[in-house]
Amino acid sequence: AKQKQIEIQVVSEFEQEAWFDLKWTKEALENILDNALKYSPIGSIVTIQAKEYELYTAICVKDEGMGVEEAERTEGT
């Protein structure tokens, strides 16, 4: 992030407690953040946000990269 001057923002409007598999959650977040940094332009922002729902808490990562063309996306894999 420092090399590309990318700002990482963490947004959470509440204090939450969650039960999850630390090993797999950490690995998934590392992969998502690695891609966000790799494909975002210099000087952009990557936002990590926790969203609380009735039955679960979601962790959302938003970047300013070019994204994946719809034709290249595969559902359910």
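Structure: see above.
About the criteria used
- Residues numbered from 1 in each chain as written.
- Predicted model: local features only at pLDDT ≥ 70, side-chain atom pairs only at ≥ 80, totals over all residues.
- Heavy atoms only, no water.
- Pairing = 2+ DSSP bridges.
- Helix = DSSP H or I, 4+ residues; strand = E, 2+ residues; numbered from the N terminus.
- Axes fitted to C-alpha atoms, helices over the stretch in contact; angles between N-to-C directions.
- Contact = heavy atoms within 4.5 Å.

### As for the sheet that holds strand 3 (residues 57-62)
By way of backbone hydrogen bonds, the strands of a sheet pair with one another, either parallel or antiparallel.
Inference 1: Taken together, the three strands give an open sheet; going across it, the order is 1-2-3, and neighbouring strands pair in mixed fashion. Two strands bound the open sheet, and with one partner strand each, they are strand 1 (7-11) and strand 3. In this sheet, adjacent strand axes meet at a mean angle of 15 degrees when their direction is disregarded.
Inference 2: Across the face of the sheet, helix 1 (residues 22-39) comes into contact with strand 1, strand 2 (45-52) and strand 3 while running at roughly 20 degrees to strand 3.

### Quick notes on unusual backbone geometry
Apart from glycine, the bulk of residues carry a negative phi angle, and the bulk of peptide bonds sit in the trans form.
Inference 1: Not every positive phi belongs to a glycine, and Gln-5 is a case in point at roughly 55 degrees.
Inference 2: For Gln-5, the position within the fold is in the segment before strand 1.

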